[in-house]
Amino acid sequence: MDIRPKDFDLHGLLHSPNEQFIIPSYQRRYAWGYGQQAALFRDIDMLLPGDGHLFGMLILHTEGHHGGINEIKVVDGQQRLTTITILLKVLHGVFKEKGDDYTASQIIQLLYCGDPKNKIPKLILGELDNPDMEYLFEHKLEKIRNGRIRQAYETFESFIEDSLEE
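As the structure is a computational prediction, the values presented were derived from the model and not from experiment. (Residues numbered from 1 in each chain as written. Predicted model: local features only at pLDDT ≥ 70, side-chain atom pairs only at ≥ 80, totals over all residues. Heavy atoms only, no water.)

Undergrad: It is not clear to me how the overall build of the protein chain should be interpreted in this structure. Could you clarify?
TA: For the protein chain, the count of helices and strands is six helices and six strands. The linear arrangement of helices and strands in the protein chain, starting from the amino end, is α-β-α-β-β-α-α-β-β-β-α-α. Its C-alpha radius of gyration of 16 Å places the protein chain within 12% of the 15 Å reference for a compact globule of 166 residues. Dimensions of the protein chain, computed from C-alpha atoms along their principal axes, come out at roughly 50 × 40 × 35 Å. Once local pairs closer than 6 in sequence are excluded, the contacts in the protein chain between residues at least 24 apart make up 64%. A total of about 10200 Å² of accessible surface is found on the protein chain, and carbon and sulfur atoms cover 52% of it. Averaging the positions of the 18 positive and the 26 negative side-chain charges in the protein chain gives two centres separated by 5 Å. (Helix = DSSP H or I, 4+ residues; strand = E, 2+ residues; numbered from the N terminus. Rg over C-alpha atoms; globule rule 2.2 N^0.38 Å. Contact = heavy atoms within 4.5 Å. Areas by Shrake-Rupley, 256 points an atom, 1.4 Å probe, with all protein chains shown as cover. Lys, Arg positive; Asp, Glu negative; His and termini not counted. Charge placed at Lys NZ, Arg CZ, Asp CG, Glu CD.)

This is the structure in structure tokens:
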């Protein structure tokens, strides 16, 4: 086994169009509550231009890269990665609604593999939560069964709306 630590910023982690992050079914379901979601948002919201935020360690299991989409298994960090994905989805909607198509297109590139029109998600959750993530991306919040996923989306929507009003 070859272990290589690497430093990535969020864009560096998610920008590759041919890498897809898979949460294996043995990982726990999405469970972050309001406290963790709010703390993450506050930490990001307080950053000044040029600042960084330490999201913590992700442990990823990769195999040899090849043509097409390469699956990367998330061994640790699935809660953070899922929460960031939900936040990015909310931000995409906000920028799109505000008419900032450029920023919205930059964000959507981080949420999908390859061409976003093909709707191949960058993150695949375990079999119990993945349908809920699909509903979230289709904006069918009423169909989401894991209330923590819906709560994260609604929490971030509320925080961003409040920030824009200020």
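Undergrad: Can you walk me through a negative patch on the surface in this structure?
TA: A cluster of acidic residues, Asp45, Glu97, Glu154, Glu157, Glu161, Asp162, Glu165 and Glu166, forms a negative patch at the surface. Looking at which element gives the most residues to the negative patch, the answer is helix α6 (residues 147–165), with five residues. As for its position among the elements, Glu166 is in the segment after α6. On the basis of relative accessibility, which here comes to 83%, the residue Glu166 falls in the exposed class. (Patch = residues over 30% accessible without salt bridge, like charges linked within 9 Å, V, L, I, M, F, W, Y side chains within 5 Å. Salt bridge = Lys/Arg side-chain N within 4 Å of Asp/Glu carboxyl O. Buried < 20%, exposed > 50% of the residue type's maximum accessible area, 1.4 Å probe, protein only.)

Undergrad: I tried to follow the nonpolar core on my own but got confused; where do I start?
TA: The nonpolar side chains of a soluble globular protein tend to be buried with one another. By size, the foremost hydrophobic cluster in this structure holds 35 residues, and its most contacted members are Phe21, Ile86, Leu136 and Phe156. Secondary-structure elements contributing two or more residues to this core are α1 (10–14), α2 (34–45), β3 (70–76), α3 (78–97), α4 (101–111), α5 (130–137) and α6. (Core = buried A, V, L, I, M, F, W, Y, C linked by side-chain atoms within 4.5 Å.)

Undergrad: Please clarify how a nonpolar patch on the surface should be interpreted in this entry.
TA: A cluster of nonpolar side chains, Tyr26, Met57, Ile59 and Val75, forms an exposed patch at the surface whose accessible area comes to about 420 Å². Along the chain, the position of Tyr26 falls in the loop between β1 (19–22) and α2. Accessibility expressed as a relative area gives 59% for Tyr26, which makes it exposed.

Undergrad: When you look at the environment of Ser163 in this model, what are you seeing that I'm missing?
TA: Among the structural elements, Ser163 can be located in helix α6. The exposure class assigned to Ser163 is partly exposed, which follows from its relative accessible area of 30%. Separated by 10 residues in sequence, Ser163 and Tyr153 have C-alpha atoms that sit 15 Å apart. When residues no more than four places from it in sequence are discounted, the contact partners of Ser163 are Phe41 and Asp45.

Undergrad: Before we go on, may I ask you to explain the pairing of β1 in this structure?
TA: On β1, burial covers both faces: Glu19 and Phe21 on one face and Gln20 and Ile22 on the other are all buried. Both β1 and β3 contribute to a ladder of four bridges, which runs parallel. Along β3, the bridge assignment pairs Phe21 with Ile72. (Pairing = 2+ DSSP bridges.)

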